[in-house]
Amino acid sequence: MPTTVKAYAATSATEPLVPTTIERRDVGPHDVRIDIRYCGVCHSDIHTARGEWGAMNYPIVLGHEIAGVVAEVGAEVTRFRVGDRVGVGCLVDSCRECRYCRRGDEQFCAEGYVETYSGTGRDGRPTQGGYAEAIVVTEDFVLRIPDPIALDVAAPLLCAGITVYSPLRHWGAGPGTRVAVVGLGGLGHMAVQLAAAMGAEVTVLSQSLKKQEDGLRLGAAHYAATSDPDAFTRLAASFDLVVNTVSASVDVDRYLSLLAVDGTMVNVGIPEHPVSLDVFSLLMRRVSYAASNIGGIRETQEMLDFCAEHGIAALVETIGAEQINEAYERVVASDVRYRFVVDTSTLA
Ligand code: NAP
Ligand code: ZN
Ligand code: ZN
């Protein structure tokens, strides 16, 4: 029997989110039912809810930074038991057979992976996310949250954490590399901690110096304000990797000017509108402009274990479900230190 659970949903692109109930599927042989304790508020939830990436089918329960406890396991489940501390990120299934799935890159599944919300499950039903009391997920897409990391500060690792960990690893952040993190929000504050723990020399580029003390405490060696007209001249050609986490459009050429020869700028921020750039910005120092989408399941577990080993977690502001709409406004205004996390026990 499907279970009815309390949730919070977007019902249109322009109206506030409202309390609702949704059905979760019965626990199949390979499924795990998770009692959700906390769910992070990712800027992608806001882009999606507001139709900024295209028209959506409503209602949508957002939320793909899910941390909770296993409440029930299917008969064939081998990796989890009732009571285990677990997480679910942006992916809840994929074909599992294509070359990308086989090598652990389910985020590039040739068939398209099943998104935690606003997707279509392999059973043909629409998926609904983590602003809810519980979720049912096939065990292969469930992550183990290491004991040292509390569930509230673990939740944002499931999207913000892996989304910056993956490109930092892919482009070789480590000792001797100079990494700039643009935007100190949810993704940015994880990128600073992770890149510093990998051994890179980290610089934060934020709109102002308001969060400088935090940035340095999180592990940055340097901090600059992009509103300072001299910053771009001072920092010209001085980074191997620029990780752009900004949710809005930026002047790409300006940021490419910060790269040293053979450097890479990688967008993890996904602005509403297309970007443009001048080819001269690339060719004069053979630099690359790239983008990166979350990370696979194996790499997400690696990231969680890395965080536990290095004492890294998200800095969160815990809110009740009735504060989600206010939190959305504050995220859009860059007024979050550094992730809102919904305490799902407050679902009315
Ligand atoms: P966030 O918490 O709102 O952080 C974004 C930061 O960007 C802000 O804190 C702010 O930093 C800066 N910023 C915002 N508006 C700006 C503007 N107009 N000009 C310059 N800087 C601005 O958002 P988030 O949750 O980290 O997500 C960031 C972006 O990544 C979103 O577009 C989201 O959809 C995307 N995302 C992508 C993936 C992926 O797989 N690629 C995964 C998750 C999220 P300062 O105050 O420091 O300037
Ligand atoms: Zn996200
Ligand atoms: Zn696949």
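Here, the structure is the one placed above.
What you see is a predicted model; the values in this text were computed from it and never measured. Per chain, the residues get numbers from 1 upward, laid out in the order the sequence is written. Numbering of ligands from 1 and lettering of chains from A proceed in the order in which they are written. Since the coordinates come from a predicted model, pLDDT governs what is reported: local features require at least 70, and pairs of side-chain atoms require 80 or more to be given and counted, while whole-chain, interface and lining totals use all residues. Here the side-chain values reflect all heavy atoms present in the structure, with hydrogen atoms and water set aside.

Draft legend 1. Seen up close, the layout of surface pockets. Using a grid of 1 Å spacing that covers the protein atoms alone, one calls a set of points a cavity when a 1.4 Å probe fits there but cannot get out, and a pocket when the set is open and has protein on both sides within 12 Å along at least five of seven lines; lining residues are those with an atom within 4 Å of a point. Grid points are joined across faces, edges and corners, and a volume is the space filled by probe spheres set on the points. What the second largest pocket holds in volume is close to 390 Å³. What lines the second largest pocket is a set of 20 residues, and nearest its centre among them are Arg-25, Asp-123, Pro-126, Thr-127 and Val-136. Going through the elements one at a time, strand E2 (18-24), strand E6 (91-93) and strand E8 (134-138) are the ones with two or more residues in the lining of the second largest pocket. Helix and strand definitions here come from DSSP, where helices need a minimum of 4 consecutive H or I residues and strands a minimum of 2 consecutive E residues; each element is numbered from the N-terminal end. Element by element, the count of residues in the lining of the second largest pocket is highest for E8, at four residues. For this scheme, ten residues count as nonpolar: Ala, Val, Leu, Ile, Met, Phe, Trp, Tyr, Cys and Pro. Four count as charged, namely Asp, Glu, Lys and Arg, and the remainder, Gly too, count as polar. When grouped by side-chain class, the residues that make up the lining of the second largest pocket number six nonpolar, five polar and nine charged.

Draft legend 2. Spatial organisation of unusual backbone geometry. Of note, the amide linkage connecting Tyr-58 to Pro-59 takes the cis form, showing an omega dihedral of -5°. Mapped onto the elements, Pro-59 comes out in the loop between helix H1 (43-49) and strand E4 (66-73). With an omega of -10°, the peptide bond between Arg-337 and Tyr-338 qualifies as cis. Locating Tyr-338 in the fold gives a position in the loop between helix H11 (324-332) and strand E17 (339-343). Despite not being glycine, Asp-262 shows a phi value in the positive range, around 70°. Position of Asp-262 relative to the elements: it lies in strand E14 (residues 259-267). Relative accessibility thresholds used throughout: buried, under 20% of the residue-type maximum; exposed, over 50%; partly exposed, between the two (1.4 Å probe, protein chains only). Of the residues examined, Asp-262 reaches a relative accessible area of 42% and is grouped as partly exposed. The phi dihedral of Ser-334 falls on the positive side, at around 55°, and the residue is not glycine. Note on placement: Ser-334 falls in the loop between H11 and E17.

Draft legend 3. Layout of the site of ligand 1. We call a residue near a molecule or strand as soon as one heavy atom of that residue lies within 4 Å of the molecule or strand. His-43, Leu-184, Leu-187, Ser-206 and Arg-339 are the nearest of the 28 residues found near ligand 1. Pairs of N or O atoms within 3.5 Å make up the polar contacts considered here, provided that, within protein, one atom can donate a hydrogen while the other can accept it, and that residues adjacent in sequence are counted only when both atoms are side-chain atoms. A distance of 2.8 Å separates an oxygen atom of ligand 1 from a polar atom in the side chain of Gln-207. With respect to ligand 1, the backbone of Ile-270 contributes an N or O atom lying 3.1 Å from an oxygen atom. Across the complex, the protein chains shield 90% of the 910 Å² of accessible surface that ligand 1 would expose by itself. Only H1 and helix H5 (186-198) provide two or more residues apiece to the shell around ligand 1. It is H1 that contributes the most residues to the shell around ligand 1, three residues altogether. Residues that form the shell around ligand 1 fall into these classes: 11 nonpolar, 15 polar and two charged. Just so you know, the domain bounds were taken from an automatic or database domain assignment. When residues of the shell around ligand 1 are assigned to domains, at least three map to each of domain 1 (3-159 + 313-346) and domain 2 (161-291). The Shrake-Rupley method, run with a 1.4 Å probe, gives the accessible areas here. Residue values count only the displayed protein chains as cover.

Draft legend 4. Region of the structure containing the coordination of the zinc ion (ligand 3). Sites may look incomplete because water is not among the atoms; the donors themselves are N, O and S atoms within 2.8 Å of the metal, or within 3.2 Å for Na, K and Ca. Protein coordination at the zinc ion (ligand 3) comes from Cys-95 (SG), Cys-98 (SG), Cys-101 (SG) and Cys-109 (SG), with a distance range of 2.3 to 2.4 Å. Coordination geometry of the zinc ion (ligand 3): the four donor atoms subtend angles of 103 to 120° at the metal centre, consistent with an arrangement described as tetrahedral. Look at where the donors of the zinc ion (ligand 3) fall in the sequence and you get C-x2-C-x2-C-x7-C. Taken individually, Cys-95 and Cys-98 each receive the classification buried, so the pair is uniform in this respect. Only four donors with every angle between 85 and 135 degrees are called tetrahedral; only four or six donors with opposite donors over 155 degrees apart and all others between 65 and 115 are called square planar or octahedral, in that order; all others are irregular.

Draft legend 5. Region of interest: the environment of Leu-91. Looking at where Leu-91 falls in the secondary structure, it is placed in strand E6. Note on Leu-91: relative accessible area 4%, which makes it buried. A sequence separation of 105 residues divides Leu-91 from Ala-196, and the C-alpha atoms of the two residues are 27 Å apart. Note on definitions: a residue-residue contact is assigned when non-hydrogen atoms from the two residues lie within 4.5 Å. When residues no more than four places from it in sequence are discounted, the contact partners of Leu-91 are Glu-106, Gln-107, Tyr-113, Val-114, Thr-116, Phe-141, Ile-294, Gly-295 and Ile-297.

Fair warning: the whole summary comes from geometry, so function is off the table for now.
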